[in-house]
Amino acid sequence: MDGGRRTLWAVDSAGFSFNVAFLLFALLVPLDALRHHWSVATIGALAALVGVTQLPGRILSGPLVDAKGEVAVLRITFGAGLLASLLVLTIPSLLGSLIGGQLAIGLARGLFWTAGQALVGRQPGDSARHLGIFTSATKAGAMIGLASAGLVAARAGIGVGFGVSGALNAVALLLTWRIPQSGRSHRSAQLAKALAGLMPAARRPFVVANGLLSFLCAMPQALAQSIDPVYLVRLGMRPSMAALLTAVMSVGMIGAGFLGAPVIRRWGIRRTATVAGGLFTGSLGMLALTSSLWAVASAVLLGGVGAGWLNVVFLTDVTRKSPDGERGTNLGVTQIYFVVATMTAPYLAGQIARGWGFSWAWGGEGVVALIVLAAYRQIASSNRRVTSAA
């Protein structure tokens, strides 16, 4: 196995293991809160708490990748994931343990995506195909994490579930030693230079446009990890079945990841992004209008397909338009939009659901999605005209 294929195998495998761990952890948190009869607004706020460390993690991830290399950042990522489980299992206070765990897992999530995506995207071959397979591998892990959370909690206990999450992060950490080193310099001057590149990156039109797609991509995933299972439990579903149905989103993302490269070749970046955004917005409309089990399952699946295509689209576009020295920073800036969505989507849905009910919550999220999609199309169209004129 050559270096490129060994790297792709190791990163895809580590990403799979980390995402099982992360989504298992993410769903155990609201299930634990529900068990203690916390309100939906409190659960939404707790889910949004990951953004406190995820946001700075995403901001720093790009410069850290460009300066220190992807492997070093991945090792910090999986170490933080392991720390999250240890904090939940060792802090006596329930609130304190969940807050500590959310902060640590937020840092891990903030660092992971830019490092993994940059490493996969620069391997020889078709970047869209590599990123599509990476998306499918990570979402397969997410599906298993989501689907197993309720079962693990019911059969073995929530504490055991957090322990399994920590063990899987340890496996991901070990896999990083299978990745060949890239030979990057580790001088602090490089980090300072990379940090100085954040503001220029944030002003690049293609980075802003893809950041909005990143925001849209994050919305259904953030809801699936926080408010969706609460909604399903409130409909009378057992927590284990609610977790299983929520995992249908990952099925959609896995399929979309494998189909991402051929769809982009056929439709192009803008059309694929528009269709994907429309699928997610339509799924929110379905949730707002009906609580039928089949309709809910279909909506979750459609949201997953939309999120999967959005993921491949924005990663491919940023990767192709970024030189090696700027790729990590550009990806990191687009991921900031992702974090903002993970913070705001659950909080907004929780607050609206508390005051007016879940139908209004899904409708409110749909309005936000439409505004973001319209802003993306405007910026992408303007950037395309400027590029053509030049």
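Quick note: structure is the one above.
Residues numbered from 1 in each chain as written. Predicted model: local features only at pLDDT ≥ 70, side-chain atom pairs only at ≥ 80, totals over all residues. Heavy atoms only, no water.

### Let's talk about the overall build of the chain
Here is step 1: Within the chain, the regular secondary structure consists of 17 helices and zero strands.
Here is step 2: A compact globule built from 390 residues would reach a C-alpha radius of gyration of about 21 Å, and the chain, at 20 Å, matches this within 12%.
Here is step 3: Taking the principal axes of its C-alpha atoms as reference, the chain extends roughly 55 × 45 × 35 Å.
Here is step 4: Within the chain, the proportion of its 390 residues that are buried is 57%.
Here is step 5: The contacts of the chain with a sequence gap of at least 6 include a subset with a gap of at least 24, amounting to 86%.
Here is step 6: Of note, the chain has its 30 positive side-chain charges centred 2 Å away from the centre of its 11 negative side-chain charges. (Helix = DSSP H or I, 4+ residues; strand = E, 2+ residues; numbered from the N terminus. Rg over C-alpha atoms; globule rule 2.2 N^0.38 Å. Buried < 20%, exposed > 50% of the residue type's maximum accessible area, 1.4 Å probe, protein only. Contact = heavy atoms within 4.5 Å. Lys, Arg positive; Asp, Glu negative; His and termini not counted. Charge placed at Lys NZ, Arg CZ, Asp CG, Glu CD.)

### Here's the deal with the nonpolar core
Here is step 1: Ranked by size, the top nonpolar core spans 115 residues in total, and within it Phe162, Leu216, Met219, Phe358, Trp362 and Tyr376 carry the most contacts.
Here is step 2: Ranked by the residues each element gives to this core, the list is headed by helix α1 (residues 3-35), at 16 residues. (Core = buried A, V, L, I, M, F, W, Y, C linked by side-chain atoms within 4.5 Å.)

### Some points on the side chain of Ser136
Here is step 1: Examined against the element boundaries, Ser136 turns out to sit in helix α6 (residues 127-155).
Here is step 2: Classification of Ser136 by relative accessible area gives buried; the value is 2%.

### Description of the packing of helix α4 (residues 70-90) against helix α7 (residues 158-175)
In helix packing, the relevant descriptors are the interaxial angle and the interaxial distance, both defined with respect to the helix axes.
Here is step 1: Between α4 and α7, the shortest axis-to-axis distance is 8 Å and the interhelical angle comes to 160 degrees. Between α4 and α7, the crossing angle belongs to the class labelled roughly antiparallel. Classified by chirality, the crossing of α7 by α4 is left-handed. Where α4 abuts α7, its residues Arg75, Phe78, Gly81, Leu82, Ser85, Val88 and Leu89 lie against Gly159, Phe162, Gly163, Ser165, Gly166, Asn169, Ala172 and Leu173.
Here is step 2: A class-by-class count of the residues in the contact of α4 with α7 yields seven nonpolar, seven polar and one charged. (Axes fitted to C-alpha atoms, helices over the stretch in contact; angles between N-to-C directions. Parallel < 35°, antiparallel > 145°, perpendicular 65-115°, else oblique. Left-handed = near helix turned anticlockwise from the far one by under 90°. Nonpolar A, V, L, I, M, F, W, Y, C, P; charged D, E, K, R; others polar.)

### Some thoughts on the environment of Leu293
Here is step 1: Examined against the element boundaries, Leu293 turns out to sit in helix α15 (residues 293-321).
Here is step 2: Expressed as a C-alpha distance, the spacing of Leu293 and Leu232, which sit 61 residues apart in the sequence, is 9.2 Å.
Here is step 3: Other than its neighbours up to four places away in sequence, Leu293 contacts Met237 and Leu245.

### A few points about helix α14 (residues 269-289)
Here is step 1: Over its 21 residues, α14 extends 31 Å from the first C-alpha to the last, a length consistent with the 30 Å expected when each residue adds 1.5 Å.
Here is step 2: Among the residues of α14, Ile269, Thr272, Ala273, Ala276, Gly277, Phe280, Thr281, Ser283, Leu284 and Leu287 are the ones counted as buried. One face of α14 carries all of its buried residues, which in axial projection span an arc of 165 degrees. Away from the buried face of α14 by more than 90 degrees, exposed residues Arg271 and Leu289 are located. (Expected span 1.5 Å × (residues − 1). Arc of directions from axis to C-beta.)

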